[in-house]
Amino acid sequence: MTSPRSAYIVGPALFGAYGVIRLLDGLDGTKGPGLAWTTGHLCFLVGLGFFARAFFAMRAAAGRSDRWATGGLVAALAGSFALAVQFGVDIVTGLMAADHAEMARLSDHFGSLPGAELAFYAVGPMFFFIGQVVLAVRLYALRRLPVWAPCLIFAASLLPLTTKDLIPLGAVLMLLGYAPLWRSSVSRTALTSA
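Residues numbered from 1 in each chain as written. Predicted model: local features only at pLDDT ≥ 70, side-chain atom pairs only at ≥ 80, totals over all residues. Heavy atoms only, no water.

**Structural notes on the overall build of the chain**
Part 1 of the reasoning: Of the regular secondary structure elements, the chain holds nine helices and zero strands.
Part 2 of the reasoning: Sequence-ordered secondary structure for the chain, helices as α and strands as β, is α-α-α-α-α-α-α-α-α.
Part 3 of the reasoning: Its C-alpha atoms give the chain a radius of gyration of 17 Å, within 12% of the compact-globule value 16 Å for 194 residues.
Part 4 of the reasoning: Per-residue burial for the chain yields a buried fraction of 47% across its 194 residues.
Part 5 of the reasoning: The contacts of the chain with a sequence gap of at least 6 include a subset with a gap of at least 24, amounting to 74%.
Part 6 of the reasoning: Separation between the mean location of the 14 positive side-chain charges and that of the 9 negative ones in the chain comes to 24 Å. (Helix = DSSP H or I, 4+ residues; strand = E, 2+ residues; numbered from the N terminus. Rg over C-alpha atoms; globule rule 2.2 N^0.38 Å. Buried < 20%, exposed > 50% of the residue type's maximum accessible area, 1.4 Å probe, protein only. Contact = heavy atoms within 4.5 Å. Lys, Arg positive; Asp, Glu negative; His and termini not counted. Charge placed at Lys NZ, Arg CZ, Asp CG, Glu CD.)

**Quick notes on the nonpolar core**
Part 1 of the reasoning: Judged by nonpolar contacts, the single largest core of 39 residues is most densely connected at F55, M58 and Y178.
Part 2 of the reasoning: Residue assignment for this core shows that the elements contributing at least two residues are α1 (4-25), α2 (35-62), α3 (67-96), α6 (126-141), α7 (148-162) and α8 (167-183).
Part 3 of the reasoning: Ranked by residue count, the leading element in this core is α2, at 11 residues.
Part 4 of the reasoning: If we ignore the near neighbours within four places in the chain, the residues touching F55 are L73, A76, L77, S80, F128, Q132, L135 and Y178. (Core = buried A, V, L, I, M, F, W, Y, C linked by side-chain atoms within 4.5 Å.)

**Topic: the packing of aromatic side chains**
Part 1 of the reasoning: All told, the structure shown has 14 aromatic pairs when counted by the stated rule.
Part 2 of the reasoning: Taken together, the aromatic side chains of F15, Y18, F44, F51, F55, F87, F128 and F129 make up a single cluster linked through ring pairs. (Phe/Tyr/Trp six-rings, centres within 6.5 Å; stacked < 30°, edge-to-face > 60°.)

**Observations concerning the pattern of salt bridges**
Part 1 of the reasoning: Considering all chains together, one arrives at two salt bridges under this definition.
Part 2 of the reasoning: The salt bridge partner of D165 is R22, with a shortest N-O separation of 2.9 Å. Placement of D165 in the loop between α7 and α8 and of R22 in helix α1 is noted, with a sequence separation of 143 residues between them.
Part 3 of the reasoning: Given the relative accessible area of 40%, D165 is considered partly exposed.
Part 4 of the reasoning: A salt bridge links R138 to D66; the nearest nitrogen and oxygen atoms lie 2.7 Å apart. Of this pair, R138 sits in helix α6 while D66 is found in the loop between α2 and α3, placing the two residues 72 residues apart along the sequence. (Salt bridge = Lys/Arg side-chain N within 4 Å of Asp/Glu carboxyl O.)

**Topic: the side chain of S107**
Part 1 of the reasoning: Mapped onto the fold, S107 is located in helix α4 (residues 100-111).
Part 2 of the reasoning: A relative accessible area of 18% means that S107 is categorised as buried.
Part 3 of the reasoning: Excluding its chain neighbours within four sequence positions, the residues that come into contact with S107 are D90, T93 and Y121.

Now the structure itself:
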C-alpha cells in the first residue's frame, strides 16, 4: 500500500504530468484523441488514487473524529469520484473517436444525460479542490501545517479554473503546499494511524 508520504508527492506530480502532456497535446492546435490524450488522462486517473490516500492521511492526522476533517475528506472523495468519471469518459471517447470533432460529439452525448453535466463537469469536480482546502485549513487550525501551506493549496485550486494551461503551475503549488506533510512528523503520525 502507498504511504501517505509518497501520496503527497505522487498525486501532485501526476496532476502536473497531465498538465504538461495536455499542453504538448495542444501544440498542433487540437487536443485529442491520440496517445498524448490517453496518456495524460491516465496520469490524472492514477493520480486521483494517490490523492485519495493523501486525503485519508490528512483526516487521520487531524483525528478520525474531527468533523471538519471528515467533511473535507468526504468532499474531496466526492470530487475525486466526479473527476474519475469525467476523465474515464474522456479516455473512452478518445479511444472511440477518429478525430477531435467526433470525440467532442461523443463527449457531448454523455454530458447531455440527465444530471451528468452538473455532477461530473460543472459542480462535482469542485469538491476535489474544496475538500483538500478544508483538510489543509483544518490541519493549520490544529497547528499541524504552517499558514502558507493551505494558502498554496487554495491557490493551486484556483489556477485550473482560470485556464487549464496553468495546471502544471498548480501542481507545483500543490506539491509545495503538501511539503510540510511529507517532510514532517505529521506524515509519520498519519502513517502509523492510517
